[in-house]
Each structure stands twice: as structure tokens, then as C-alpha cells.
Amino acid sequence: GAFAGVPKVALDSASPLRPLCVPPTRNLMLLGRLAWRAGAFAGVAAGAAGAAAYATMPVAEAASLKKRYSIIDEADLDGDMVAVPKWTPPSRKEMKETMKTQEFDVLVIGGGATGTGVAMDASTRGLKTALVEREDFASGTSSRSTKLIHGGIRYLAQAFQSKIPPNTLLDVFRHLRYNHEYMMIVSNDLAERAYMIESAPFMTHPIPMMVPLFKWWEVPMMYMTGKLYDLIAGNRRAVPPSHFIPRAEALFQFPSMKTKDAEGNNLKGCLVIYDGQQNDTRMNLCIALTAIQAGTQVQNHTEVLGLLTEGTFGQPDYKVCGAKVRDMMTGEAYDVRAKSVINACGVFSDKVRKMADPSCKEIMVPAPGTHLILPDYCSPAETGMVWFTKDGRILYLLPWEGSTIAGTTDTVGEITFEPRATLAEIDFILGECNRMLRDPIDYSTVRAAWSGIRPLVRDPKADPSDTKKLSRDHVVDIVAGNLVTIAGGKWTTYRKMAEDAVDKCIAVHPELKAAVQSKCITSTMQLVGADRGGEICDQNFDRVTITLREEFGLDKDTANHLRGNYGTRALQLALMARTEPQFTTKTNGKVFYKRLHPKYPQLEAEVAFACRFEYAETLIDVIARRTRLSFLDAHATSEILPRIGEIMAKEKGWSSAKLAQEDAAARRFLETMYLPEGVGAAAELVKRGAPAKIIKQLSAVPSAAPTV
């Protein structure tokens, strides 16, 4: 159950790799200082490849490492040890060859949260599974969420109120109602919230969010709402209970909160509610790696050209039996044959549905939503804020990855591979934040502005003439050829969506029942990096952080960043960085790990790690979905693109022409992470206070978004 990639310089296919063990650093309080128990730092050197690791290092350092790192048996491990995990994922090339030559029980199209969740579910049931993704894992909506794992406090309010928010106590009674559909959505979502938080405890964590209350009657009403939220969650709440804090405590915890609302009402206090938080693309990757570990064959950057079918369309013998795909990296086209196909393409689902049945009615409704990234000082380090906007939507202001995320909007838009924020959406978010913050923020404060398209879905069971009827939950749809489509839902419910999709797939493909070895087990599973077997750190992830700091010499921010995004695999990444001199510098005998940018904790070694063990194939994969830098700071990312390209060119063997092509594509992508859509948007940004230098740098390459 343990996972991490092993440094390629330390691999030897002829030699089994043994775990590196680090003695514990036990907490001893002495005069206010921490002392750590001394011990040997065991290491790995497997065969000739292990020797090659040391051969690339200075002689003195290699000798020192050889002395410190020693081979030990797994039998020597006990609860006091921290071990570097051993498992490495198969290469993209290996999986591609398997997909070209074998028939699968299930082919999943789409590598977002739902698609990788479907693959994980199917493969852990014993079904032979393959997955293809046109771009990269979480390249669409799954990377552009609010980063919350939540039950839907807005749905809970709507279950009892037809008008949100109520402006007076009279409004509360006038618009009182009960909607059971919304209550069931909240109940189901809270159950999935608990699963997600428990599935990757190294990454997910509870986050307190304050709801400012300015009217006396809001205090008892919102207090009861919070307690009901807790009650619905039940025993498996996975987060602390909600509670009320008075005005003084609220301002102590969130000093920049306004003390009066626009109507002059004084702040009475805050309801503090808890949900979970995650790093969505890293979570998506962990799900994909877990599916791969369970046997799924995966190919990102592989587009579906068409579906393979048997029989005659419109007749009982018509069946979808795979797909013709093309590797976007090499241009090679090949067939992937499967007994069943599950379509998990989000907003692009209709395109695949029409491949099976050109006459089927479209069910997807794109709903763009924009988020802004602001500096860390716009919110406390551990506490967020949530409130109802003037038009009844929910807006969040949350700390995330050393920055502050603000959003989201909810509008009607078009389907595109490269959605952009609009000036109106940015104005709306800034205006709403300024309703709640004492220190005004403006365009000069914004570090990134990006948009994602929420895949809303029309309920196929609804009256076809009612085009506005949207499903509030996810939908499993079947079209000609028994193509299964899973659509709708949200990040928090990806696991349940996957379970329902696989259940339906087995139901409409009876031939799969013989291959099923168990029922769905994902509700109690943990993901790669979570030390599922307890062999690495006994699921005490503080040990991982301590080891990164005390044994590898990483600073606090970087150690926390690595632990929070890689889990136990952070130990393998640190070992790789430590043993490959290009990722470190030495000053007065002390080793320092090279950061990609001085403002952020991401390391240069993470780029190489992403290429070797996380299927990163393009510069965009690294800046957007492995390190998240483009989401955090578009300008800073543009500054370090040359260094990231240099590392990737070495790892991938790119020519200078290929590197230039990747650089241009990455800069076009960065435009979409900062500049709004529309002619003249850049000039308008400058007028509104955005730094002209940044606008000029990010506008250097003409945009060329692909068409759908």
C-alpha cells in the first residue's frame, strides 16, 4: 500500500529496492527547545544504478552519504521508523503498449476527478480498466475549483428559504419552506466530505470559515443552521463542530473584517463553520496514481477520434466496444478495445455521446465561474470567510497554498478548452470582497484570475420542453450502444459519482459480472501517499515533515509544502533532490535546495519528479497541474518558465525547437490565467490599476485557443 517513485539514478531492475529508514525525532522539551534523538539515517543503493547516484556527486559527499545510508531489511522496521516508499508507477510507454494489445472490461474517457475516480473504482473491483484523457489529469474543471470539500451550506439554506439571503426577520417567515431534495443533497455531500478528508489526510484538512453576522436575528438563525449542518453530517463529520464567536473574538481572528455593513449595522459576531480543503489537481493525480496501482492503464494527452462499434446502429446488436485514439505527443493513432465505455468528459460529454448516437439530445449546460488569487495578507493563514452576495450567491475568501483565493461567480457561457475570466466577473468579486474587508483591494492586488466551467446537466428524466430544468445532483445517462455517461455533481462527490457509474455499467453489460471480484470498496480506501499500510510513518505525517526538516535539511515552508502535496512520496522526492547535485547548492558546507521562485516553496526537483513519476509531458502540465504556480501567480510563473523548460528539456530530451514550442504554448496559457477575455482587456486592466509591466509581459504571445 505504500507509494513513491524511486530516483531513476537509484533504480536497478535486477535488484529489489529496499526502504530507506529514518530514525524518529522524538519530541523532548528541554528549556523550550526541541532535541531530537540521534540515529542512523538508512539509505538505498541498489546495484550499479545506485552506484551511479554517488558517481555524480563530489567524492567527499558521496563517501559521507555511503556512510550514512545503509541497507536494512523491512523486518527491521518498527513504529519508530520512517521509510521511503518503494512503488514506482509504470511508464507511459509501457501502459500504451498494453492498451494497444489487450482488450479491457472498461474504457474510461476523461481524466478529471470523476474519470480517474471511475477508473479507481472499476479497477479495485477487479475489472480490467483503461483510461484516456485528451489533455492532462485535471486539465479542465477539476483544476479550477474553490479547493473546498464541502456539503453545500447554500443548499442547506435553500432547503428552508425560497429567497436567499433574507433581508429582514419578516423575510425569513415569508419565504419559509422545506425542500427535501436539497436536504438529501446536503446529506449525501456531507457523507462524501468525510470520505475525501479521510482518503488523503496528508493533503486534506478542515478549514474554519467565518460567516459575518450584522443583524441580531441572524445570530440565532445562523447558529441553528450551523448546528443542523453538523447534525446532518452525523458521527462521521471529519471536521470540528460549528460555533458562534462574539465580535471581539471575530476581529481578533480576522482583523481585516469590517465592523459595519453597508446599512450601518454593527458586527454582532460570526458563525464559524468547518469544511475541508484540498489541492484539487494534486488530489486528482493521487486518484489517478491509485487507479494505476490497482491495475488501470492510463494515457494522458491522448484524444478520442471516434468510438469503436459492433452491429448496426438502431438495432439490438449495436454496441460501443472501445475507441480509436491518438497520442498527442507522437501523433500515433491506435485502437483501444473494451467491453464497455464510460464517458466522464465533464462539459465535453455531449461530444462523446454524439459519437455513439448522433441524434441524442445535448444535456450539458456550461456555467463558467471565476476565481481570483490575492496575496496571503488578504486572509488569516488558517481561517477563511464565507458570505451571501447581494444576489444570493455564496462567495468564499480562503487561505490556500500561501495565497488567498476569492470566488466564485456563476454565469452562463460557452464551452471552451481555455476559459477566461471577464472584467465584469473580476469587478464583482473585488466589489464583494470590499463589502467585507476594511482594507480595499483592487486590480493591483490580483496575482491571478482564472475561470473554470462547471458541468451542469439537464435532467434526462425531465420534460424535454422544460429546457431550464437542471439536475441538482449528478446524472448517469445511457445512449445507443450502451455508452454510459456520468455528468454533473461536484468535486466532493466524485467518489459516489464513480460508484454509480460503474454500478450502471455493470448492470447494462452483464458480461462484466463474471470479472467483478468485489463490491465497491472506495468508501473506505485511502489514496497513494497516505501510507495505507502504515509501513512508512504509521500514518503520522508529522514524522514525514520532521524527517524532511531534520534529516534532509529542508526549510519549514518547503517541508510543509512537500508533505501536503506528496504525502509519503515527499521522502522519495527529497532523496532524489539530495542525491542529484543539479537541484542543490552548497554554502559553508550546508546544502540548500533550489527553489523555482524565491517567493514560493516549490523546488526545481519537483519538475524532474513530475516528468519521471507523474506523467508530466508539457510545460503547462508542470506549471498548472503539478506545481500550481500558474494558478498562484501568473507573473512569477512567466519569470521562471525558462528554468522549468531547461529542466524538462533535459528530462524529456527536447530539441531547441520543441522547447521553443512548449514555451510559446505555456505563455499563451498564462494569458488565460490573468488577462480577461475581450479585445482591449489588457488596456482596460491598466486603467483599472493593474501593473502595466505585468500586463505587458503576459501579453507577449498572441493567444491561440483551440476550437471545440
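Reading the values: the criteria
Residues numbered from 1 in each chain as written. Predicted model: local features only at pLDDT ≥ 70, side-chain atom pairs only at ≥ 80, totals over all residues. Heavy atoms only, no water. Helix = DSSP H or I, 4+ residues; strand = E, 2+ residues; numbered from the N terminus. Buried < 20%, exposed > 50% of the residue type's maximum accessible area, 1.4 Å probe, protein only. Contact = heavy atoms within 4.5 Å. Areas by Shrake-Rupley, 256 points an atom, 1.4 Å probe, with all protein chains shown as cover. Phe/Tyr/Trp six-rings, centres within 6.5 Å; stacked < 30°, edge-to-face > 60°. Arc of directions from axis to C-beta. Axes fitted to C-alpha atoms, helices over the stretch in contact; angles between N-to-C directions. Parallel < 35°, antiparallel > 145°, perpendicular 65-115°, else oblique. Left-handed = near helix turned anticlockwise from the far one by under 90°. Nonpolar A, V, L, I, M, F, W, Y, C, P; charged D, E, K, R; others polar.

J.: Tell me about the overall build of the protein chain, and name the residues and values.
T.: Secondary structure assignment for the protein chain yields 23 helices and 23 strands. Taken over 708 residues, the protein chain has a buried fraction of 57%. Nonlocal contacts in the protein chain, meaning residues at least 24 apart in sequence, comprise 74% of its contacts between residues at least 6 apart. Of the roughly 28400 Å² of accessible surface on the protein chain, 54% is carried by carbon and sulfur atoms.

J.: Break down the side chain of Ser142 for me, with residues and values.
T.: Tracing the backbone shows Ser142 in the loop between strand 6 (129–132) and strand 7 (148–149). The residues contacting Ser142, other than those within four sequence positions of it, are Gly112, Ala113, Asp280, Asn284 and Trp491.

J.: Give me the lowdown on the packing of aromatic side chains, citing residues and values where you can.
T.: With the rule as written, the count across this model stands at 10 aromatic pairs. When the ring of Phe202 is compared with that of Phe541, the centres are 6.0 Å apart and the planes differ by 55 degrees; the resulting orientation is tilted. Within this pair, whereas Phe202 is found in the loop between helix 7 (180–199) and strand 8 (205–213), its partner Phe541 is found in helix 14 (residues 541–550), the two being separated by 339 residues in sequence. The buried category is assigned to Phe541, whose relative accessible area is 7%.

J.: So, helix 18 (residues 619–626): which residues are in play, and what are the values?
T.: Here helix 18 lies mainly inside the structure; eight of its eight residues are buried. Elements that come into contact with the buried residues of helix 18 comprise helix 10 (280–293), helix 15 (556–566), helix 17 (604–613), helix 19 (629–632), helix 20 (634–652) and helix 21 (656–672). Arg628 sits one or two positions beyond helix 18 and adopts a positive phi of about 70 degrees.

J.: Please provide a residue-by-residue account of helix 3 (residues 92–101), values included.
T.: Of the residues making up helix 3, those classed as buried are Arg92, Met95, Lys96 and Met99. Projected onto a plane normal to the axis of helix 3, the buried residues spread over an arc of 105 degrees and lie on a single side. Away from its buried face by more than 90 degrees, helix 3 exposes Lys93 and Thr101.

J.: Lay out unusual backbone geometry with the relevant residues and their values.
T.: Residues Ile164 and Pro165 are joined by a peptide bond in cis, for which omega reads -10 degrees. Inspection of the secondary structure puts Pro165 in the loop between helix 5 (153–160) and helix 6 (169–174). Unusually for a residue other than glycine, Gln539 sits at a positive phi of about 60 degrees. Inspection of the secondary structure puts Gln539 in the loop between helix 13 (494–508) and helix 14. Non-glycine residue Arg628 carries a positive phi angle of around 70 degrees. Residue classification places Arg628 among the buried positions, given a relative accessible area of 0%.

J.: Got a sec to walk through the packing of helix 18 against helix 20? Specific residues and values, please.
T.: Packing of helix 18 against helix 20 brings their axes to within 10 Å, and their N-to-C directions diverge by 125 degrees. By the angle between their axes, helix 18 is oblique relative to helix 20. In this structure, the crossing between helix 18 and helix 20 has a hand that is right-handed. Here Leu619, Val622 and Ile623 of helix 18 come into contact with helix 20, specifically with Thr637, Leu641, Ile644, Gly645 and Met648. In the contact of helix 18 with helix 20, the residues fall into six nonpolar, two polar and no charged.

J.: Requested: an account of the environment of Lys163, with residues and values cited.
T.: With respect to the element layout, Lys163 can be found in the loop between helix 5 and helix 6. Taking the C-alpha atoms as reference, Lys163 lies 9.8 Å from Asp391; in sequence the two are 228 residues apart.

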